[in-house]
Amino acid sequence: MRDDEATLDPATERATMPAHLPTAAQGVRRTRILVAVALVLAALNLRPAITSLGALLEEVRDGLGMSGTVAGLLTSVPALCFAVFGVTAPRLARRRGPGAVVCAGLVAITLGLFLRPFAGGTALFLAASALTLAGIAVGNVLMPVVVKRWFPDRVGTMTGLYSMALSLGTALAAAATVPATRAFGGDWRLGLAAWGVIAAVAVLPWLALVRDRGPAPAAPTASPQALAPERTQTGSIARSRTAWALAVYFGLQATGAYITMGWLPQIFRDAGVSASTAGVLLAVTMVMGVPLSFVLPALAGRMRHQGALAVGLGLFGIAGYGGLWAAPAAAPWVWALLLGISNCSFPLALTMIGMRSRTGGGVVRLSAFAQCTGYLLSIPGPILVGTLYQHTGGWDLPVAFMLALLVPQIAAGVVAGRDRAVEDEL
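Below you will find a few notes about this structure.

Reading the values: rules and limits
Residues numbered from 1 in each chain as written. Predicted model: local features only at pLDDT ≥ 70, side-chain atom pairs only at ≥ 80, totals over all residues. Heavy atoms only, no water. Salt bridge = Lys/Arg side-chain N within 4 Å of Asp/Glu carboxyl O. Helix = DSSP H or I, 4+ residues; strand = E, 2+ residues; numbered from the N terminus. Buried < 20%, exposed > 50% of the residue type's maximum accessible area, 1.4 Å probe, protein only. Contact = heavy atoms within 4.5 Å. Expected span 1.5 Å × (residues − 1). Phe/Tyr/Trp six-rings, centres within 6.5 Å; stacked < 30°, edge-to-face > 60°. Lys NZ or Arg CZ within 6 Å of the ring centre and 35° of its normal. Axes fitted to C-alpha atoms, helices over the stretch in contact; angles between N-to-C directions. Parallel < 35°, antiparallel > 145°, perpendicular 65-115°, else oblique. Left-handed = near helix turned anticlockwise from the far one by under 90°. Nonpolar A, V, L, I, M, F, W, Y, C, P; charged D, E, K, R; others polar. 1 Å grid on protein atoms, 1.4 Å probe; cavity = no way out; pocket = protein on both sides within 12 Å on 5 of 7 lines; lining within 4 Å. Points joined across faces, edges and corners; volume = space filled by probe spheres on them.

Turning our attention to the pattern of salt bridges. Going through the model one piece at a time under the given rule, you end up with three salt bridges. For glutamate 59, the salt bridge is made with arginine 269, and the minimal N-O distance between the two is 3.6 Å. Placement of glutamate 59 in helix 4 (residues 57-64) and of arginine 269 in helix 13 (residues 241-270) is noted, with a sequence separation of 210 residues between them. Assessed through its relative accessible area of 28%, glutamate 59 is described here as partly exposed. Between arginine 304 and aspartate 419 there is a salt bridge, and its shortest N-O distance comes to 3.2 Å. Here the residue arginine 304 occupies a position in the loop between helix 15 (289-301) and helix 16 (307-326), and aspartate 419 occupies one in the segment after helix 21 (396-416), the gap between them amounting to 115 residues.

Now the structure itself:
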């Protein structure tokens, strides 16, 4: 055997390795843990601004003198802000880095949550809400991007983790806002403002990621596609049928979600359920997403086609809205449970966004397009529900409208769930 073919013993091989490699690997591991913690804390704060308001909508309406139509507009403001401000997220991320943009978004959420309860009128309340929702919008768009950037080998698992945290924050705000308000002597302003404290805590880990602008080190088990250099796509994402299917699916599920978060407690209260119980029922609907939002993306990530999952979730929604339409007070816990399962179409949509593109850059474009277009499509729904409720004096027609929306949502989910990448359609 020649000297240059000799095999080094393990001790000698370790001694000849560059000393910086273990340190670099440990640094990447620590950073990935920090990113995971930051993702969870951020996700916890992406919905309390909405569901805390839904639990106290009647008190806010009375306090600010809102009509039913204006309240419906208020429940549509999240979708409008997500569409308007979300479209700026990719450009900001390219210039400042995703960590800095998400950090700034969390600061905006914190300020808005502290300011809006003490607004002197509806206009100022909407303006402060818009500040909070602008911060949520950039988080919505960039969360899949951060996952693809730092965890290309675990897109389904990490999407499930932050989706679970998002559902947990949603449920906590729905369940705890009314008791917190009572603890503050019945002052709904303090009950809403309390959620700003949690948002402030979430800012802290993102401060360490503000300077992160370069490419993330690839995971050791990342696929060859994740490790391959990204090619700039010049075609418009709007040419992709898959992108449009994702946008429609995302928009219709968002319509149902924001109608549910904004109006479900009021539906139960009008059926004779107490305010506190109505808030808990909304929490039940939201808390179903905690375990399912973790399991569903991991399951979807192992499937070549996710259309079957979209169909199943839609059927649960049809059953839930059907019961809510026929007899809302007969089995409210069952209806809340069924609607909670159906609302897990949100983490499914996020997972499909991460899977329908081969590269991180493609996920940025697809996430911005699908979410911003989807949120634009979702704007009329809550307004229409508020108007129908005000003019009919009941919930039969609004709930029937919600049920009917699930049919095109299922169809769009089947198309979006096909095993293909948007790059192939540009």
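Past the structure itself, the notes keep going.
All right, on to helix 17 (residues 332-342) then. Burial within helix 17 is extensive, with eight of its 11 residues counted as buried. Among the residues of helix 17, Pro332, Trp335, Ala336, Leu338, Leu339, Gly340, Ile341 and Ser342 are the ones counted as buried. Close packing links the buried residues of helix 17 with helix 13, helix 14 (275-287), helix 15, helix 16, helix 18 (345-355) and helix 21.

The next subject is helix 20 (residues 380-392). The α-helix winds at 3.6 residues per turn, so residues separated by three or four positions along the chain end up facing the same way. With 13 residues, helix 20 extends 18 Å from end C-alpha to end C-alpha; this agrees with the ideal 18 Å at 1.5 Å per step. Positioned one or two residues after helix 20, glycine 393 has a phi angle of 75°, which is positive.

By secondary structure assignment, the location of methionine 352 is in helix 18. The spatial distance from the C-alpha of methionine 352 to the C-alpha of glycine 413 is 9.6 Å, given a sequence separation of 61 residues. The contacts of methionine 352, once residues within four sequence positions are left out, are Leu246, Tyr249, Gln306, Ala416 and Gly417.

Applying the stated criterion across every chain, the model contains six aromatic pairs. Ring plane angle 15° and centroid distance 4.1 Å describe the contact between tyrosine 389 and tryptophan 395, whose orientation is recorded as stacked. Here a set of aromatic residues connected by ring pairs shows up, and it is made of Phe250, Phe346 and Tyr375. Just above the ring of phenylalanine 346 sits the side chain of arginine 47; from NZ or CZ to the centre is 5.2 Å.

Moving on to the packing of helix 9 (residues 155-183) against helix 15. Axis separation between helix 9 and helix 15 bottoms out at 7 Å; the angle between their running directions is 165°. Compared by their axis directions, helix 9 and helix 15 come out roughly antiparallel. Considering the relative orientation of helix 9 and helix 15, their crossing is right-handed. Between helix 9, through Gly156, Thr157, Thr159, Gly160, Leu161, Ser163, Met164, Ser167 and Leu168, and helix 15, the contact on the second element is made entirely by Gly289, Val290, Ser293, Phe294, Pro297 and Ala298. Of the residues in the contact of helix 9 with helix 15, the class split is seven nonpolar, eight polar and no charged.

Next up on the list: empty space enclosed by the protein. As enumerated under the stated definition, the model contains seven cavities of 30 Å³ or more in all. There is about 230 Å³ of room inside the largest cavity. Along its surface, the largest cavity is lined by 19 residues, and Leu166, Ala257, Met286, Asn343 and Phe346 are the ones closest to its centre. Listed by contribution, the elements that provide at least two residues to the lining of the largest cavity are helix 9, helix 13, helix 14, helix 15 and helix 18. Broken down by element, the residue count for the lining of the largest cavity peaks at five residues, all from helix 13. Residue composition of the lining of the largest cavity, by class: 10 nonpolar, eight polar and one charged.

What follows concerns the environment of arginine 96. Among the structural elements, arginine 96 can be located in helix 6 (residues 89-96). When the C-alpha positions of arginine 96 and valine 210 are compared, they lie 8.3 Å apart, and in sequence the two are 114 residues distant.

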